[in-house]
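# Structural overview
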Amino acid sequence: MLHGIDVSAYQSSSYATNGLSFVFIKATEGRSYVNPRLAAQTKHARDAGLVVGFYHFLWPGNLTAQAEYFLSHAPERRGDLLAVDWETTGDGTHASNAEKDRFIRKLKELRPDNRVVLYCNRHFWLNIDTTSYAGDGLWIADYVTAGKPRIKAKWRFHQYTSEPHDKDVTDFASKAALKEWATSA
C-alpha cells in the first residue's frame with residue numbers, strides 16, 4: 001500500500017514527503033479561488049519525485065466555467081492526476097449528481113491525457129451519489145483503518161485521517177504501477 005497526503009493553503013509549502021509516493025494539491029475552488037501556495041507546493045512535490053494530483057472544490061452551477069478555471073491553474077503535465085472534490089460547500093449546498101458527472105466528463109474531454117478521479121466522503125458516496133460515476137477512479141474519505149474504507153465499490157485512493165493532516169493510501173502495488181496508470185489515460 002502506497003502512502004500520500006493532500007494539501008491546501010492550510011499546509012506549508014515545504015510539507016514532509018518522507019515515505020510518500022503521491023500528493024494531491026488543492027488548486028482551485030468555484031470560479032474565483034486559487035490556492036496561493038499552489039506553485040510552491042507543486043514544486044516541492046515534483047522535487048521529491050512524487051506522483052502529483054490537483055483537485056478542484058466543486059460548487060453547483062457554471063460547470064464548464066469551473067472546469068476551464070481549474071485547468072487554467074492546474075499544470076498540464078502527462079502523468080498528473082486531476083480530482084474533483086465533491087462535498088458540502090461553505091454555504092451548505094453541493095453540486096448535484098448530474099453536475100458532478102458533467103464536470104468529470106468535461107475534465108476528461110479537455111485533458112484526455114490525464115486521469116480524473118472523484119473525491120468524496122463515505123456519506124456522499126453511500127447517500128448522495130446516485131450514479132456511481134467516478135471518472136477513472138474513486139478517492140474515498142472514510143476515517144477508519146488505512147486501506148479499509150467501509151464501502152463496497154472499487155476505490156483507487158483512501159483518505160483515512162485528517163490528523164495532523166489529510167493522509168491517504170492507494171491500492172497500487174508500487175509507485176511504478178501508480179505512475180504507469182497515471183500516464184496511461
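Preceding this paragraph is the structure being described.
Below or above, wherever it landed, is the structure these notes cover. (Residues numbered from 1 in each chain as written. Predicted model: local features only at pLDDT ≥ 70, side-chain atom pairs only at ≥ 80, totals over all residues. Heavy atoms only, no water.)

Secondary structure assignment for the protein chain yields 5 helices and 9 strands. Taken from N to C terminus, the helices and strands of the protein chain fall in the order β-β-β-α-β-α-β-α-β-α-β-β-β-α. Relative to the 2.2 N^0.38 estimate, which gives 16 Å for 185 residues, the radius of gyration of the protein chain is 15 Å and therefore close to what a compact globule would have. Seen through its principal axes, the protein chain has C-alpha atoms that stretch 40 × 35 × 30 Å. The buried share among the 185 residues of the protein chain stands at 50%. Pairs at least 24 apart in sequence give 60% of the contacts found in the protein chain among residues at least 6 apart. Accessible area for the protein chain stands at about 8,400 Å²; split by element, carbon and sulfur atoms hold 48% of it. For the protein chain, the distance from the average site of its 23 positive side-chain charges to the average site of its 21 negative ones is 4 Å. (Helix = DSSP H or I, 4+ residues; strand = E, 2+ residues; numbered from the N terminus. Rg over C-alpha atoms; globule rule 2.2 N^0.38 Å. Buried < 20%, exposed > 50% of the residue type's maximum accessible area, 1.4 Å probe, protein only. Contact = heavy atoms within 4.5 Å. Areas by Shrake-Rupley, 256 points an atom, 1.4 Å probe, with all protein chains shown as cover. Lys, Arg positive; Asp, Glu negative; His and termini not counted. Charge placed at Lys NZ, Arg CZ, Asp CG, Glu CD.)

The subject of this paragraph is the packing of helix H2 (residues 63-73) against helix H3 (residues 97-110). Two packed helices can be described by the angle between their axes and the distance between those axes. At a minimum axis distance of 9 Å, the contact between H2 and H3 shows a crossing angle of 45°. The angle between H2 and H3 falls in the class oblique. Crossing of H2 against H3: the hand is right-handed. Contacts from Leu63, Thr64, Gln66, Ala67, Glu68, Phe70 and Leu71 in H2 reach Glu99, Arg102, Phe103, Lys106, Leu107 and Leu110 in H3. Its residues assigned to classes, the contact of H2 with H3 comprises 7 nonpolar, 2 polar and 4 charged. (Axes fitted to C-alpha atoms, helices over the stretch in contact; angles between N-to-C directions. Parallel < 35°, antiparallel > 145°, perpendicular 65-115°, else oblique. Left-handed = near helix turned anticlockwise from the far one by under 90°. Nonpolar A, V, L, I, M, F, W, Y, C, P; charged D, E, K, R; others polar.)

With that settled, consider the nonpolar core. Formed by 38 residues in total, the largest nonpolar core has its most connected members in Ile25, Phe70 and Leu118. When residues in this core are grouped by element, the largest group, 4 residues, is from H2. Apart from residues no more than four positions distant in its own chain, Leu118 is found in contact with Val84, Trp86, Lys100, Ile104, Trp125, Tyr133, Ala134, Gly137, Leu138 and Trp139. Val117, Trp139, Phe157 and Ala182 belong to the second largest nonpolar core, which has 16 residues in total. (Core = buried A, V, L, I, M, F, W, Y, C linked by side-chain atoms within 4.5 Å.)

What follows is about the side chain of Gln66. Within the secondary structure, Gln66 is located in helix H2. We classify Gln66 as buried; its relative accessible area is 2%. Other than its neighbours up to four places away in sequence, Gln66 contacts Gly30, Arg31, His56, Phe57, Leu58, Trp59, Pro60, Gly61 and Phe103.

Mapped onto the elements of the fold, Ser174 is located in the loop between strand S9 (167-170) and helix H5 (175-183). On a C-alpha basis, the gap between Ser174 and Val7 in space is 22 Å, while along the polypeptide they are 167 residues apart.

Moving on, we come to H5. If you check which residues of H5 are buried, you get Leu178, Trp181 and Ala182. Within H5, the buried residues cover an arc of 100° as seen down the axis, which keeps them to one side. What points out from H5, more than 90 degrees from its buried face, is the exposed set Ala176 and Glu180. (Arc of directions from axis to C-beta.)

Counting buried positions along strand S7 (residues 137-141) gives 5 out of 5 residues, so the element sits mostly inside the fold. Burial along S7 is two-sided: Gly137, Trp139 and Ala141 facing one way and Leu138 and Ile140 facing the other are all buried. Strand direction decides the pairing type here: strand S6 (residues 115-121) and S7, joined by 5 bridges, are parallel. Pairing of Cys120 across the sheet is with Ile140, part of S7. (Pairing = 2+ DSSP bridges.)

The next thing to look at is the packing of aromatic side chains. As enumerated under the stated definition, the model contains 9 aromatic pairs in all. Aromatic pair Phe22 and Phe24: ring centres 6.1 Å apart, planes at 75°, arrangement edge-to-face. Here Phe22 matches Phe24 in class, with each residue buried. Taken together, a centroid distance of 6.1 Å and an interplanar angle of 80° make the contact between Tyr55 and Trp139 edge-to-face. Linking Tyr55 in strand S4 (residues 51-57) with Trp139 in strand S7, this pair joins segments that are 84 residues apart in sequence. Both residues of the pair, Tyr55 and Trp139, count as buried. Its guanidinium or amino end placed over the ring of Trp86, Lys100 lies 5.1 Å from that ring's centre, counting from NZ or CZ. Note that Arg105 overlies the ring of Tyr133, its terminal NZ or CZ placed 4.1 Å from the centroid. (Phe/Tyr/Trp six-rings, centres within 6.5 Å; stacked < 30°, edge-to-face > 60°. Lys NZ or Arg CZ within 6 Å of the ring centre and 35° of its normal.)

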